[in-house]
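Geometric and topological summary
As a plain string of letters, each chain reads:
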Amino acid sequence: MVLPEPESQVAKTLPDAWDHTGQPANRSTTGGWTSAAMILGVEACERLTTLGIAVNLVTYLTGTMHLGNAHAANDVTNFMGTSFMAPPILCLLGGFVADTFLGRYLTIAIFTVVQAAGVTILTISTAIPSLQPPKCTQTGTSCIPATDIQLTVLYLALYLTALGTGGLKSSVSGFGSDQFDESDKAEKAQMTAFFSWFFFFISIGSLAAVTVLVYIQDNLGRRWGYGIVASSIGVGLVVFLSGTRWYRFKKLAGSPLTQIASVFVAAWRKRHLELPLDPCALFDVQIGEDDGKVKQKLPHSKQFRFLDKGAIKDSENSSEVLKLNKWILSTSTDVEEVKMVITMVPIWATTIMFWTIYAQMTTFSVSQATTMDRHIGKSFLIPAASLTVFFVGSILLTVPVYDRVIIPLAKRFLKHPQGLSPLQRIGIGLVMSTLAMVSAALTEIKRLRVAQSHGVVNDPSKVVPLSVFWLAPQFFFVGSGEAFTYIGQLDFFLRECPKGMKTMSTGMFLSTLSLGFFFSSLLVTIVHKVTGDRDPWLADNLNQGKLYNFYWLLTILSVLNFGLYLIGARWYVYREHRLSEKSVELEQE
């Protein structure tokens, strides 16, 4: 017979968390800031690694591997897209991979090893001369492109790194939040602080990548720069594993895709049945009855009513059917949660365009910078990729301005408790990204005019006598826009995604980043194929191309996308408004 634990012992342990030995986690010896700090360390190393490769990759592909600008740009955006595609895949399919089979701890450990292996191969490929094509002649007219073997090794390294990055991102923030108990007020406050420090460490890693690391790559060599990031992610892995005895481990739920699929299947099975006039006749359960999951009962909505058929309880279904087979009978709450996800799709789709524009800042904008005067004074030469420091600078500037200026003004005039709603913040970010493309197009037109007037059009090795700081506005607009869009998206998806489907929120958010990069690759491919070699927009020699037309195309697409976004935002109803309207209806009854 097993005796119950004393109350003092129960209070010291967590009911839903375990330590590394499988015993109930002790509050005093597990979790908290000790374990969270080690998780923050591996995230900072991941950011340093990923951004340290991505922001300066286009110059390596064009300058060392001798690929064309369009080809190089697509390689960079595909690399970044893959990095951000794995997180939503692992989050959306988490019940099948990370949540069910591995768990967050093993997911982080395994994919950090994968990332370290990728960066190590990349470092080796830059150190062995035979894995790179010979240097161009002095005139720059005879450049032998990389061979298939050289590109195979390079792509193997890049996509192993991207896969590792994606797997790491899918679990690191969630595992960090697992170290705090939401039922405890003190630990819940610490969890809020953890996410602030999480964003801070990402910014620190980004700042180090676009300044120190890029400078080392350009002046000491790629093998030194990539060697540093390989060592960094190795150190991050050691730090992470060393905290094993202090971590709290939690059992995670299955994939939300199962719930969505089961609701559609149940509705399809009963497509011939008539919907009841009273929504109260639809099947539902009491809070806490649904397999032990804590759910918030949602009021019935009139949107997508065909899904309500999944909750029709006919004569063949008993109250036990739900527990046996949800593919036959869904709860009304499950149906409403799926409806909420569907209404979020237009917002999700129209935010992809922002990240398509963001992708240009790490590709063509860097290529522009390589042709311009990057000197400060007479001696110091700014690395082209280091212009992305304006991202970090504009974010660090925008966030306090938003907190100290915009929020008080918005509270006063818009009467919104948070200043600006998530959808309003996203909208501002989309507008700023459009302005970035206008600025980029105008700057490119000026750069080409200066190149023509100084006779450097036909010689890409010569510097266009125009300060690289002319590019600063486009970086600033996108960086400030990111501060609004990123925070707005994160707030929107975390707040609006149903409580029973929280693993989907991170996946939906990160998938917009991934699809934005892939859409950029698609656009570049189409434009490069359509404009051809006779009158190319995206020429290998930017001085002979029409990059400004590509920027104008993105501007037009952004304006059209913003119009669709306004329609979707106007149509969307916040969850809290639905709940409050239902409460008013009940009071009136």
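Position labels on residues start from 1 in each chain and follow its written sequence. At least 70 in pLDDT is required for a residue's local features to be given in this predicted model, at least 80 for side-chain atom pairs to be given and counted, and no such filter applies to totals for whole chains, interfaces and linings, which use all residues. Note that water and hydrogens are dropped before the side-chain values are worked out from all heavy atoms of the structure.

1. Examining the overall build of the chain
Note the following rule: For helices the rule is a DSSP run of H or I covering at least 4 residues; for strands it is a run of E covering at least 2, with both sets numbered from the N terminus onward. Buried residues are those whose accessible area, probed at 1.4 Å on protein chains only, stays under 20% of the maximum for their type, while exposed residues exceed 50% and partly exposed ones sit between those limits. By definition, residues are in contact when any of their heavy atoms lie within 4.5 Å.
Per the secondary structure count, the chain includes 19 helices and 6 strands. Considering the chain as a whole, with its 589 residues, one finds that 52% of them fall into the buried category. Long-range contacts, defined here as pairs at least 24 residues apart, represent 80% of the contacts in the chain between residues at least 6 apart.

2. Description of the packing of helix H15 (residues 422–453) against helix H16 (residues 472–496)
The criterion, for reference: Lines fitted to the C-alpha atoms define the axes, with helices restricted to the stretch that makes contact. Angles between their N-to-C directions range from 0 to 180 degrees. Oblique is the label for every angle not falling under 35 degrees (roughly parallel), over 145 degrees (roughly antiparallel), or within 65 to 115 degrees (roughly perpendicular). Crossing chirality is assigned from the near helix's rotation relative to the far helix, an anticlockwise turn below a right angle marking it left-handed and a clockwise turn marking it right-handed. Amino acid classes used here: Ala, Val, Leu, Ile, Met, Phe, Trp, Tyr, Cys and Pro are nonpolar; Asp, Glu, Lys and Arg are charged; the rest, including Gly, are polar.
Where H15 contacts H16, the two axes come as close as 7 Å, and the packing angle between them is 160 degrees. Looking at the two axes, H15 sits roughly antiparallel to H16. Between H15 and H16 lies a crossing of left-handed hand. In terms of residue class, the contact of H15 with H16 is made up of 15 nonpolar, 9 polar and 3 charged.

3. Some words on helix H14 (residues 389–413)
Selection criterion: The span expected for a helix works out to 1.5 Å for each residue beyond the first. Throughout, the bend at a residue refers to the angle made by two axes, fitted to the seven residues ending there and to the seven starting there.
Between its terminal C-alpha atoms H14 stretches 34 Å, which fits the 36 Å expected from 25 residues at 1.5 Å a residue. At Tyr402, H14 is bent by approximately 45 degrees, the largest bend along its length. Every buried residue of H14 is accounted for by Phe391, Val392, Ser394, Ile395, Thr398, Tyr402, Ile407 and Ala410.

4. Here's the deal with the packing of aromatic side chains
Basically, it comes down to this: Each aromatic pair joins two rings of Phe, Tyr and Trp (for Trp, the six-membered one) with centres within 6.5 Å, and gets the label stacked for planes under 30 degrees apart, edge-to-face for over 60, and tilted for any other angle.
Within the structure shown, the criterion is met by 23 aromatic pairs. A ring pair is formed by Phe175 and Phe240, whose centres lie 6.1 Å apart and whose planes are at 65 degrees; its orientation type is edge-to-face. In this pair, Phe175 is assigned in helix H6 (residues 148–177) and Phe240 in helix H8 (residues 222–242), connecting sequence segments 65 residues apart. Take Phe175 and Phe240: they sit in the same class, and that class is buried. Here Phe364 and Phe550 contribute two aromatic rings whose centre-to-centre distance is 5.7 Å and whose plane-to-plane angle is 65 degrees, an arrangement assigned as edge-to-face. Remark: Phe550 occurs in helix H18 (residues 547–571) and Phe364 occurs in helix H13 (residues 364–371); sequence separation between them is 186 residues.

5. Some remarks on H13
The buried count for H13 comes to 7 of 8 residues, which makes it a mostly enclosed element. All buried positions along H13 are accounted for by Phe364, Ser365, Val366, Ser367, Gln368, Ala369 and Thr371.

6. Some points on the nonpolar core
Note the following rule: By nonpolar core we mean a set of buried residues, namely Ala, Val, Leu, Ile, Met, Phe, Trp, Tyr and Cys, connected to one another through side-chain atoms within 4.5 Å.
Counting residues in each nonpolar core, the largest one holds 96 residues, and the members touching the most others are Leu61, Leu423, Phe492 and Phe550. Here this core gets 9 residues from one element, more than from any other, and that element is H15.

7. Focus on unusual backbone geometry
Within the chain, His66 stands out as a residue other than glycine whose phi angle is a positive 60 degrees. Classification of His66 by relative accessible area gives buried; the value is 12%. Phi is positive for Phe304, which is not a glycine, with a value near 50 degrees. Positionally, Phe304 belongs in the loop between helix H9 (256–269) and helix H10 (321–324).

8. Comments concerning the confidence of the model for the chain
Defined as follows: Values of pLDDT, the confidence the predictor places in each residue, fall between 0 and 100.
Taken over all residues, the pLDDT of the chain has a mean of 79, while the share at 70 or more is 83%. H18 holds the highest mean pLDDT among the elements of the chain, 94, whereas helix H1 (residues 7–12) holds the lowest, 51. Confidence drops under pLDDT 50 across residues 288–294; counting only partners more than four residues distant or on other chains, this segment forms 6 contacts. For the stretch residues 583–589, pLDDT sits under 50, and the model shows 0 contacts to residues farther than four places along the chain or on other chains.

9. A closer look at the pattern of salt bridges
Short version of the rule: By definition here, a salt bridge exists when the distance from a side-chain nitrogen of Lys or Arg to a carboxyl oxygen of Asp or Glu is within 4 Å.
With the rule as written, the count across this model stands at 6 salt bridges. In this structure, the salt-bridge partner of Lys546 is Asp535, at a minimum N-O distance of 3.0 Å. Separated by 11 residues along the polypeptide, Lys546 in the loop between helix H17 (502–531) and H18 and Asp535 in the loop between H17 and H18 bring together distant segments of the chain. The exposure class of Asp535 is partly exposed, given its relative accessible area of 41%. One connected set of salt bridges, linked through shared partners, spans Arg305, Asp308, Glu336 and Lys339.

10. A look at a nonpolar patch on the surface
Under the convention used in this document: Surface patches are drawn from residues lacking salt bridges whose relative accessible area is over 30%; two like charges belong together within 9 Å, two nonpolar side chains (Val, Leu, Ile, Met, Phe, Trp, Tyr) within 5 Å. Where accessible areas are quoted, they stem from the Shrake-Rupley method and a 1.4 Å probe; at the residue level, only the protein chains shown are allowed to cover.
Taken together, Leu397, Val401, Val405, Leu409, Phe413 and Phe476 make up a surface patch of nonpolar side chains, about 540 Å² in accessible area. When residues in the nonpolar patch are grouped by element, the largest group, 5 residues, is from H14. Assignment of secondary structure puts Phe476 in helix H16. You can call Phe476 partly exposed: its relative accessible area is 33%.

11. Some thoughts on the side chain of Glu482
Note the cut-off: Neither His nor the chain ends contribute to the count of charged residues, in which Lys and Arg are positive and Asp and Glu negative.
Locating Glu482 in the fold gives a position in helix H16. In this structure, Glu482 is buried with no salt-bridge partner, the nearest side chain bearing the opposite charge being Arg47 at 6.5 Å. Apart from the residues lying within four places of it in its own chain, the contact partners of Glu482 are Phe354, Trp355, Tyr358, Ile395 and Ile487.

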